[in-house]
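# Remarks on the overall topology
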Amino acid sequence: MTSVRPRSSDAGRTGIALPHRHQLAFHVVRDGGVVPSLHTMARFAAAGFAESPGALSPSVFWWHEGSFTEVATQHDTGLHVELTQEAMDLAARLAGG
């Protein structure tokens with residue numbers, strides 16, 4: 001794979017994790033399953049970050065308006081999720097709320 005580009009309709013709907021130099025995970029939010037996806041991605045990022053050389057980040061980031069914002073990270077004390085207002089609004093819309 002040489003490039004990954006979100007469709008314009010997916011703008012502001014992408015969660016990204018880059019735990020180390022050889023792993024990338026992304027999830028385009030298309031329904032109300034954003035919170036379970038964030039939990040899974042945060043566990044994936046934390047495990048990859050802790051166990052691999054070339055560690056980059058244990059966090060999940062929200063891609064919105066051309067920049068990244070940290071929204072979820074796994075700590076020893078558990079998962080910490082802090083969604084941006086845009087992410088919360090999107091999750092509510094997709095969940096029908």
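Residues numbered from 1 in each chain as written. Predicted model: local features only at pLDDT ≥ 70, side-chain atom pairs only at ≥ 80, totals over all residues. Heavy atoms only, no water.

Turning next to the overall build of the chain. In terms of regular secondary structure, the chain is built from two helices and five strands. Starting at the N terminus, the α and β elements of the chain follow one another as β-β-α-β-β-β-α. Counting only residues that meet the buried cut, the chain has 32% of its 97 residues in that class. The long-range share in the chain, meaning contacts at least 24 apart out of those at least 6 apart in sequence, stands at 49%. Summing over all exposed atoms, the chain offers an accessible surface of approximately 6,000 Å²; the carbon and sulfur share of this is 54%. (Helix = DSSP H or I, 4+ residues; strand = E, 2+ residues; numbered from the N terminus. Buried < 20%, exposed > 50% of the residue type's maximum accessible area, 1.4 Å probe, protein only. Contact = heavy atoms within 4.5 Å. Areas by Shrake-Rupley, 256 points an atom, 1.4 Å probe, with all protein chains shown as cover.)

Moving on, we get to the pairing of strand β1 (residues 14-17). Covered by surrounding structure in β1 are T14 and I16 together with G15 and A17, the residues of both alternating faces. Note: β1 against strand β2 (residues 25-28), four bridges, orientation antiparallel. Bridge pairing in β2 places A17 opposite A25. With four bridges joining them, β1 and strand β3 (residues 59-64) adopt antiparallel strand pairing. Residue pairing for β3: G15 is matched across the bridge by W62. (Pairing = 2+ DSSP bridges.)

The tally for this structure, following the rule as stated, stands at two aromatic pairs. An angle of 55 degrees between the planes, with centres 4.6 Å apart, marks the rings of W63 and F68 as tilted. The partly exposed category is assigned to W63, whose relative accessible area is 27%. Ring pairs connect the aromatic residues F61, W63 and F68, which therefore count as one cluster. (Phe/Tyr/Trp six-rings, centres within 6.5 Å; stacked < 30°, edge-to-face > 60°.)

In this section: the nonpolar core. In terms of nonpolar packing, the biggest core is built from 15 residues, with A17, V34, L38, V60, W62, V71 and A72 touching the most fellow members. Only α1 (34-51), β3, β4 (67-75) and α2 (85-94) provide two or more residues apiece to this core. The greatest single-element share of this core, amounting to five residues, is contributed by α1. Contact partners of V34, with chain neighbours within four places excluded, come to V29, W62 and A91. (Core = buried A, V, L, I, M, F, W, Y, C linked by side-chain atoms within 4.5 Å.)

Attention now moves to the sheet that holds β4. The antiparallel open sheet is built from five strands, whose spatial order is β2-β1-β3-β4-β5. Edge positions in the sheet fall to β2 and β5 (78-81), since each of these pairs with one other strand and no more. Mean inter-strand twist for the sheet, computed between neighbouring axes without regard to direction, equals 25 degrees. Contacts between α1 and the sheet are confined to β1, β2, β3, β4 and β5, with β4 contributing the most and set at about 75 degrees to the helix. (Axes fitted to C-alpha atoms, helices over the stretch in contact; angles between N-to-C directions.)

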